[in-house]
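Residue-level structure breakdown
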Amino acid sequence: MYEGSRGVRDNARMTSEHRGDYEELVDEISELLGAPATLENRDFELIAFGAYDSEGDLDPSALDPVRTRSILTRRSTAAVRAWFEGFGITRATGPVRIPPTPEAGVYRGRICLPVRHRGVVHGYIWLLDDDPGPSERQLSAAMQVTARIGALLADEAQHGADLSRELRAVLTADRDWQRDMAIAELRTALGPRADGLHAVLCVAPWPTADPDDAPSVRTMPGATALCTVPWGASSQCVAVLIRLRSADVLTPATTAATRLLERAGGPTGPDARGAATSPARATASGGRGAAGTGTRSPAAGLATPRSGLAELGTAWWEASAAARAALAEPRLGPVAEWASIGPFRLLTALPPDVAHDPAVHALLFPVHRELARTAEVYLDCAGQAARAAAELGIHRQTLYYRLSRIEKLTGLDLDDGEDRLLLHMALKGARLAQGQDSGPSG
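Quick caveat: nothing in here was measured; it's all calculated off a predicted structure.

Procedures and definitions
- Residues numbered from 1 in each chain as written.
- Predicted model: local features only at pLDDT ≥ 70, side-chain atom pairs only at ≥ 80, totals over all residues.
- Heavy atoms only, no water.
- Helix = DSSP H or I, 4+ residues; strand = E, 2+ residues; numbered from the N terminus.
- Buried < 20%, exposed > 50% of the residue type's maximum accessible area, 1.4 Å probe, protein only.
- Contact = heavy atoms within 4.5 Å.
- Areas by Shrake-Rupley, 256 points an atom, 1.4 Å probe, with all protein chains shown as cover.
- Pairing = 2+ DSSP bridges.
- Core = buried A, V, L, I, M, F, W, Y, C linked by side-chain atoms within 4.5 Å.
- Salt bridge = Lys/Arg side-chain N within 4 Å of Asp/Glu carboxyl O.
- pLDDT = per-residue confidence, 0-100.
- Axes fitted to C-alpha atoms, helices over the stretch in contact; angles between N-to-C directions.
- Phe/Tyr/Trp six-rings, centres within 6.5 Å; stacked < 30°, edge-to-face > 60°.
- Parallel < 35°, antiparallel > 145°, perpendicular 65-115°, else oblique.
- Left-handed = near helix turned anticlockwise from the far one by under 90°.
- Nonpolar A, V, L, I, M, F, W, Y, C, P; charged D, E, K, R; others polar.

Each helix and strand counted, the chain has 15 helices and 11 strands in total. By residue count, 52% of the 442 residues in the chain fall in the buried class. Intrachain contacts of the chain at a sequence separation of at least 6 include 66% that bridge at least 24 residues. Only carbon and sulfur atoms are counted for the fraction: they give 51% of the accessible area of the chain, which is about 20,000 Å².

Right, here's the structure in full:
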């Protein structure tokens, strides 16, 4: 195996009870076949990379674009997945040889060993098909090992599915007694792990409405359970229960959030949080301003860590509220912590209709978008005209003219503290109330 693959293998380790078993079994296959092997689940997400050392494997030419992406990003694209599945690997019960196809980025042939259990495919073992390649006897021995891997994957798939149903039952319960019963079932399923420190993560909105189209819990670092939950009238979000070692170290949760946002097509880079650092920039760029009409990118919300499951319902409310805040105010995202969303902690607790205060209603019409933007920036700048004018990129006299129009339109006095508070909260609340798919349902 080439030198860097051990580090890649460490990065690809699954946070499951069987992760060591997977690595040992893939190592066993690598030794049997005399070549490095990889294990992917049926969604083509990398699970384990087999250790096999030989001088030939140090040659960088052992990689092609498809293999490199699979190793470095821990998954393949939908196009690559469809291409490989076109060779019948989902139905095969034995090794499948796939020829090189340079135009598809596959410069070297592959051998695929389907990983099945009781007739169901749960994953694939992959290795490069070098001449002369493994013998039929070697491949037969390797297939016996894949059967053991299949049993483990099937066991985990069943366990994960059960936890998904139980977690969803907790998060969508309408009544306290229903939530208490669901928590008791989840606690029983988790066993001793239920008493540990957990954080709840919400990623919303998820790009598809299919409740089964969610990542595998096995691919999320530190994830105990993962499920989809309705988000508004026609969307869904992803909820994750994350194990933590310390309430001060949220890395497992933020890492899972980044991976989910990456998969959902949302912003994840270091500049994403500052991409729209003010309502002015957000609205000016077509973002999620008070009167904006931009397309929503997914965002993530993270609840305050808690020990045990007794407050799981409250934690979910915090996580979903933080996600709503990040969707409304880009500077809070892409991963917003409940403790850091400021006044949105109060606003997210209010019914959506509360934001539609009669005094501010006219200001929210599209024709007054510039005035709404001006009012929000001015109030965000604590009423400091010089700062607000600079933020808006206008002359101070222009700012004063707009403020006078705002006062006439709303009937509010911007020299009065309570009127300022009402206007400011109404504008922030309008962000949260945009559209019908602005929050969790159920």
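What follows deals with the pairing of strand E2 (residues 46-49). Direction of pairing for strand E1 (residues 38-41) relative to E2: antiparallel, over a ladder of 3 bridges. Bridge pairing links Thr38 to Phe49 in E2. Here E1 folds back onto E2, and the loop between the two strands holds 4 residues, one of which, Phe44, carries a positive phi near 65 degrees.

For strand E5 (residues 120-128), the tally of buried residues reaches 8 of 9 residues, placing the bulk of the element in the interior. In terms of strand pairing, E1 meets E5 through 4 bridges, oriented antiparallel. Directly across from Asn41, in E5, lies its bridge partner Gly123. Across 8 bridges, strand E4 (residues 110-117) lies against E5 in antiparallel orientation.

Judged by nonpolar contacts, the single largest core of 40 residues is most densely connected at Leu186 and Trp316. Elements that contribute at least two residues to this core include exactly helix H5 (136-171), helix H6 (176-190), strand E6 (197-206), strand E7 (223-231), strand E8 (235-244), helix H9 (312-328) and helix H10 (344-347). Here the element with the most residues in this core is H9; it accounts for 11 residues. Core analysis: the next-biggest nonpolar cluster, separate from the first, contains 24 residues, Leu197, Leu201, Ile242 and Leu260 among them.

Here we take up the pattern of salt bridges. Enumeration according to the criterion identifies 14 salt bridges in this entry. In this structure, Arg81 and Glu85 form a salt bridge, with 3.1 Å as the shortest nitrogen-oxygen distance. Pair noted here: Arg81 and Glu85 are both in helix H4 (residues 78-85), with a separation of 4 residues, about one helical turn. Overall, Arg81 belongs to the partly exposed group, its relative accessible area being 29%. Its salt-bridge partner being Glu329, residue Lys428 comes within 2.8 Å of it at the nearest N-O pair. Remark: Glu329 occurs in the loop between H9 and strand E11 (335-337) and Lys428 occurs in helix H15 (residues 417-433); sequence separation between them is 99 residues. Assigned by exposure class, Lys428 and Glu329 land together as buried. Taken together, the shared-partner salt bridges connect Glu329, Arg331, Glu376, Asp380 and Lys428 into one network.

Looking at the chain as a whole, the pLDDT averages 80, with 77% of positions reaching at least 70. Across residues 55-61, confidence stays below pLDDT 50; counting only partners more than four residues off in sequence or on other chains, it has 8 contacts.

In space, the 5 strands of this open sheet follow the order E2-E1-E5-E4-E3, with antiparallel pairing throughout. Where the open sheet ends on each side, the last strands, each with one partner, are E2 and strand E3 (96-98). Taken pair by pair, the neighbouring strands of this sheet meet at an average axis angle of 25 degrees, ignoring direction. Of the pairings in the sheet, the one linking E3 to E4 comprises 3 bridges and is antiparallel in character. Bridge pairing in E4 links Val96 to Cys112.

Moving on: the environment of Tyr400. In this structure, Tyr400 sits in helix H14 (residues 396-410). When the C-alpha atoms of Tyr400 and Ala385 are compared, they prove to be 8.1 Å apart, with 15 residues separating the residues in sequence.

Take the packing of aromatic side chains next. Here the structure, examined in full by the defined rule, presents 7 aromatic pairs. Arranged with centres 6.0 Å apart and planes meeting at 55 degrees, the rings of Phe44 and Trp126 form a pair that is tilted. Of this pair, Phe44 sits in the loop between E1 and E2 while Trp126 sits in strand E5, placing them 82 residues apart in sequence. The exposure class assigned to Phe44 is buried, which follows from its relative accessible area of 1%.

So, about the environment of Ile29. Tracing the backbone shows Ile29 in helix H2 (residues 19-33). C-alpha separation for the pair Ile29 and Gly50, spaced 21 residues apart in sequence, amounts to 7.6 Å. Ignoring anything within four residues of it in the chain, the contact list for Ile29 reads Ala37, Ile125, Ala142, Val145, Thr146 and Ile149.

The next subject is unusual backbone geometry. The omega torsion across Ala204 and Pro205 is -15 degrees, close enough to zero to call that bond cis. Turning to its location among the elements, Pro205 is positioned in strand E6. Positive phi, normally seen in glycine, also occurs at Arg118, with a value near 55 degrees. Relative to the elements of secondary structure, Arg118 occurs in the loop between E4 and E5. Classification of Arg118 by relative accessible area gives exposed; the value is 79%.

Put simply, helix H12 (residues 369-380) and helix H13 (residues 385-392) touch, their axes get as near as 8 Å, and they point 135 degrees apart. Of the possible angle classes, the one that applies to H12 and H13 is oblique. Helix-helix and strand crossings are classified by hand; for H12 and H13 the assignment is right-handed. Contact residues: Arg373, Thr374, Val377, Tyr378 and Asp380 in H12; Ala385, Arg387, Ala388, Glu391 and Leu392 in H13. Broken down by class, the residue content of the contact of H12 with H13 amounts to 5 nonpolar, 1 polar and 4 charged.

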